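# Structural characterization, general
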Amino acid sequence: MAGIRVTKVDWQRSRNGAAHHTQEYPCPELVVRRGQSFSLTLELSRAPDCEETFIFMVETGPRASEALHTKAVFQTSELELGEGWTAAKEAQMESTLTVSLASPPNAVIGRYLLSIRLSSHRKHSNRRLGEFVLLFNPWCAEDDVFLASEEERREYVLNDSGIIFRGVEKHIRAQGWNYGQFEEDILNICLSILDRSPGHQNNPATDVSCRHDPIYVTRVISAMVNSNNDRGVVQGHWQGKYDGGTSPLHWRGSVAILQKWLKGRYKPVKYGQCWVFAGVMCTVLRCLGIATRVVSNFNSAHDTDQNLSVDKYVDSFGRTLEDLTEDSMWNFHVWNESWFARQDLGPSYNGWQVLDATPQEESEGVFRCGPASVTAIREGDVHLAHDGPFVFAEVNADYITWLWHEDESRERVYSNTKKIGRCISTKAVGSDSRVDITDLYKYPEGSRKERQVYSKAVKRLFSVKASGRRTWIRRAGGHCLWHDDLLEPTTKPSITGKFKLLEPPMLGHDLRLALCLANLTSRVQQVRVNLSGATILYTRKPVAEILHESHAVRLGRQEEKRIPITISYSKYKEDLTEDKKILLAAMCLVTKGEKLLVEKDITLEDFITIKRAHPGASGEGLSPV
């Protein structure tokens, strides 16, 4: 009898694609998810007999081996048995055989080569059947990335468009973003990102063997989406002109960025800022099968020295002293959350994990951040992997203001310490509305529980008793200091202040507002008010000063007064950045030595004129762009 061989393979793309929720991928090869069976139909040269065996082999990556779990050899059986790869006969009609192959739920993800060996009466026939791509599987209960809700799987894995929130706390804007994970070449590009990583370049076989673990994969992607340590996807740029590239504000999706990176032979794409990095990483992780969403944090701390406080040094006009102030508070910052189990930490920390591709601080020598368990952040478990102190500070640092004197002494200024981590937002499941998820990151601001968690975090981080919440400062002139930043100044100032807009802040118009001061006492108060204003980036970094003036104010008993402020368009137009943001500050110096700092962030609006066209209408309307 002549040896048997495979003459044709039907990958059943339609059937398998529907079963694996992969029918949207336009790849020529089959795309399936791990931990779930898929079917093939083999046309044979003749009908097989009972003594003939079908042995399958799958391989991924260079130097594939069974020891590294990047290679598996298995033969058909009547049932799908075992913890590894399996093959089972589904149906046979003469010389046509349908088999069901299944990967384990912890299989390495990536592109595989499938081969078959047919053994018949001491005769062997080997054939490469072709390639297929294996992804993470949030529909599989045994997969670490399993997500129970079908509605959430459709939103966080299958939805190829979304909303990213930007702006300031009191004026949050929604921007549409095309993730496009099912667009042409995107899956291949996402796999290429893994292959271009330094870990793969240095030791490809070991790197591929680690791709069963979502912790490892997301950490690699977090580093590779920015270009700081490698030829990653996006090059960041925060100040000045965007010569030779695209302004971050002009991107509307990830597809053009990823395709440009590929066509440019992996040269970083210019330019990105936090929402661009987050949008691209959301595309990559959804494409690979990990449920991922984009999260925006307003008044987001950048704590450079990991002391869990943002220490801002100002002069007598409330202007930030850049040489002394290493920490910062961004108007907003955007990162990602991905859903998976933390086998390294235990089940209490399963669920949403923070990942951040914006290159802010190094993590183990590489610009990346996460995964950090959101639960660990909320509970103050900042000692757990990865990058807990940095993420905790982003949402829960205290904002401490210091007045720096000419004799190089400093003085604590009363200001709002609770402004960090506001309106933490993400797109709602199934709609474009904004959902506030601040309570997932921290207990109510200022509550006893929140203070206890903060104390716990400091204790974890510094191994000190946190009864007074002492934290370490590396500041002025390189000196190291302790300060008890739990303690407010002994008494609140005897005056209050607040900036109030008198007109909507419109680009191209003068800015009109007032500083409203109130005397809280029954005695007359003399107040020196030093006003300053600057155009800023969304990171709150000053660009140019546009206001500098002083006022002597007499406040009678319980009296309220307004100081009118006008900043002409001609004063700010040359120095306004694309962020269209202005920061105002008022340092209020009360006679008895009390000091109060009042700040306000303003975002100028673009307006267009719309003429009503319907019958009977007259006039024009203004609408924000």
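Residues numbered from 1 in each chain as written. Predicted model: local features only at pLDDT ≥ 70, side-chain atom pairs only at ≥ 80, totals over all residues. Heavy atoms only, no water.

Next up on the list: the UniProt feature "active site" (unreviewed entry) in the protein. In the numbering used here, UniProt assigns the feature "active site" (unreviewed entry) to Cys274, His333 and Asp356. A maximum C-alpha distance of 9.8 Å is found for the annotated residues, which run over 83 residues; spatially they form one tight group. In this fold, Cys274 is placed in helix α8 (residues 274–288). Looking at the secondary structure, you find His333 in strand β16 (residues 328–340). Once you skip the residues sitting within four places of it in the chain, His333 turns out to touch Cys274, Val295, Ser296, Asn297, Ser300, Asp356, Thr358, Gln360 and Glu394. (UniProt positions renumbered as here; feature names shortened; annotations may be inferred. Helix = DSSP H or I, 4+ residues; strand = E, 2+ residues; numbered from the N terminus. Contact = heavy atoms within 4.5 Å.)

As annotated in UniProt, the feature "binding site: Ca(2+)" (unreviewed entry) corresponds to Asn396, Asp398, Glu445 and Glu450 in the numbering used here. A compact arrangement is adopted by the annotated residues: their sequence extent is 55 residues, whereas the largest C-alpha distance between any two is 11.7 Å. You can see Asp398 is positioned in strand β21 (residues 398–404). A relative accessible area of 30% places Glu445 in the partly exposed class. (Buried < 20%, exposed > 50% of the residue type's maximum accessible area, 1.4 Å probe, protein only.)

Across the sheet, which stays open at both edges, the 3 strands sit in the order β27-β28-β31 with antiparallel pairing between neighbours. The sheet terminates laterally at β27 (495–501) and β31 (560–567), the two strands that pair on one side only. Here the average twist between neighbouring strands, direction ignored, is 20°. When β27 meets strand β28 (residues 511–519), the two strands line up antiparallel, connected through 7 bridges. Along β28, the bridge assignment pairs Ile495 with Asn519. (Pairing = 2+ DSSP bridges. Axes fitted to C-alpha atoms, helices over the stretch in contact; angles between N-to-C directions.)

Here helix α3 (residues 186–195) lies mainly inside the structure; 8 of its 10 residues are buried. Those residues of α3 lying buried are Ile186, Leu187, Ile189, Cys190, Leu191, Ser192, Ile193 and Leu194.

On to the pairing of strand β29 (residues 525–536), then. When a strand is regular, its side chains alternate between the sheet's two faces. Where burial is concerned, most of β29 is hidden: 10 out of the 12 residues are buried. Hairpin remark: β29 followed by strand β30 (residues 542–555), antiparallel, with 5 residues in the connecting loop; positive phi at Arg540, about 75°. Of the strand pairs in this sheet, β29 and strand β32 (residues 581–590) are connected by 10 bridges, and their pairing is antiparallel. Looking at the pairing, Ala534 lines up with Leu583 of β32.

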